[in-house]
Amino acid sequence: MPDTALRFICDSMLGRLAKSLRMLGFDTLYTHCLTPQQLVQLSMEQQRIILTRRSACMQSSPTVSCIYIRSNDPDEQLRQVIAASGIVKALIRPFTICLSCNVPLTGLAKEAAAGRVPDYVFTTVDNFAACNACGRVYWKGTHYANMEDRMKKIMV
Ligand SMILES: [Zn+2]
């Protein structure tokens, strides 16, 4: 089966956008110190769509997929990426990627979450996931509800 998953790489000005895309389950590279050349190189090697606030990147190569982000507003930025890259609801898999490490989360048994999450969370939540790289534990809590509200406004 061909790998058709959407992957992104953000320039250094788009850290918030990178986190939003990870939150929606999209593999999104973001580091502070990439040169425009490295951005293009990684984009080609790993078939990532470049998201950039710098228009210069657009001219670097006609074969690179690149979305020039126009707005400073985080919701507007996300709306633009969703429209330009063809993201539909069925492609969104919220909270499947670590927001810090950009690696897939793995399911965590409730017993294993004991002591790793606040007590009130442990008693009210049954499904957990964890990042094997940084150890952070995720669950459908306030962040999740906030993200769902935000997506309702963005994907109309
Ligand atoms: Zn992590």
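Everything here concerns the structure above.
Along each chain, numbering runs from 1 in the same order as the chain's sequence is written. At least 70 in pLDDT is required for a residue's local features to be given in this predicted model, at least 80 for side-chain atom pairs to be given and counted, and no such filter applies to totals for whole chains, interfaces and linings, which use all residues. Neither water nor hydrogens contribute to the side-chain values; these are computed over all heavy atoms in the structure.

Coordination sphere of the zinc ion, protein contribution only: Cys98 (SG), Cys101 (SG), Cys131 (SG) and Cys134 (SG), at 2.3 Å. Donor selection uses N, O and S atoms within 2.8 Å of the metal (3.2 Å for Na, K and Ca). Since no water is included, sites may look incomplete. By the criteria applied here, four donors are tetrahedral when all angles lie between 85 and 135 degrees, four are square planar and six octahedral when opposite donors are over 155 degrees apart and every other angle lies between 65 and 115, and any other arrangement is irregular. Because the angles between the four donor atoms bound to the zinc ion fall within 106 to 114°, the donor set is best described as tetrahedral. For the zinc ion, the donor residues sit on a single chain with the sequence spacing C-x2-C-x29-C-x2-C. Residue Cys98 is found in the loop between α3 (74–85) and β5 (106–108), and its partner Cys134 is found in the loop between β6 (128–130) and β7 (137–139); the two are separated by 36 residues along the sequence. Residue exposure (1.4 Å probe, protein chains only): buried if accessible area is under 20% of the type maximum, exposed if over 50%, otherwise partly exposed. By relative accessible area, which is 42% here, Cys134 ends up partly exposed. What counts as a helix is a DSSP run of H or I of at least four residues, what counts as a strand is a run of E of at least two, and both are numbered from the N terminus.

Moving on, we get to the pattern of salt bridges. Any carboxyl oxygen of Asp or Glu within 4 Å of a side-chain nitrogen of Lys or Arg constitutes a salt bridge here. The tally for this structure, following the rule as stated, stands at five salt bridges. The salt bridge partner of Arg48 is Asp27, with a shortest N-O separation of 2.8 Å. Here Asp27 lies in strand β2 (residues 27–30) and Arg48 lies in the loop between α2 (36–45) and β3 (49–52), a separation of 21 residues in the sequence. Residues Glu76 and Arg79 are paired through a salt bridge, measuring 2.7 Å at the closest nitrogen-oxygen approach.

Our next topic: the nonpolar core. Core analysis: the largest hydrophobic core is formed by 31 residues, its most contacted members being Phe8, Leu21 and Leu51. Looking at this core, the elements that each hand over two or more residues are β1 (7–10), α1 (15–23), β3, α3 and α6 (142–154). Each of domain 1 (7–91) and domain 2 (106–139) contributes no fewer than three residues to this core. Any pair of residues with heavy atoms lying within 4.5 Å of one another is described as a contacting pair. Leave out the neighbours within four places in its chain, and Leu21 touches Phe8, Phe26, Thr28, Leu51, Leu78, Val81 and Ile87. Nonpolar cores are built from buried Ala, Val, Leu, Ile, Met, Phe, Trp, Tyr and Cys residues. Side-chain atoms within 4.5 Å join them into one set. The next biggest cluster of nonpolar side chains, apart from the first, holds eight residues, and it includes Leu108, Val117, Val121 and Val125. Start and end positions for the domains come from either an automated domain assignment or a database one.

Attention now moves to the sheet that holds β2. If DSSP finds at least two bridges between two strands, the strands pair. With parallel pairing, four strands are arranged side by side in an open sheet as β2-β1-β3-β4. Of all strands in the sheet, those with a lone pairing partner are β2 and β4 (66–68), marking the two edges. Taken over all neighbouring pairs, the strand axes of this sheet differ in orientation by 25° on average, direction set aside. Judged from the three bridges that link them, β3 and β4 form a sheet pairing that is parallel. Each residue of the ladder has a partner; that of Leu51, found in β4, is Ile67. Inter-axis angles, ranging from 0 to 180 degrees, are taken between N-to-C directions of lines fitted to C-alpha atoms, where helices are fitted over the stretch in contact.

Without other data, these values stay purely geometric and don't point to any function.
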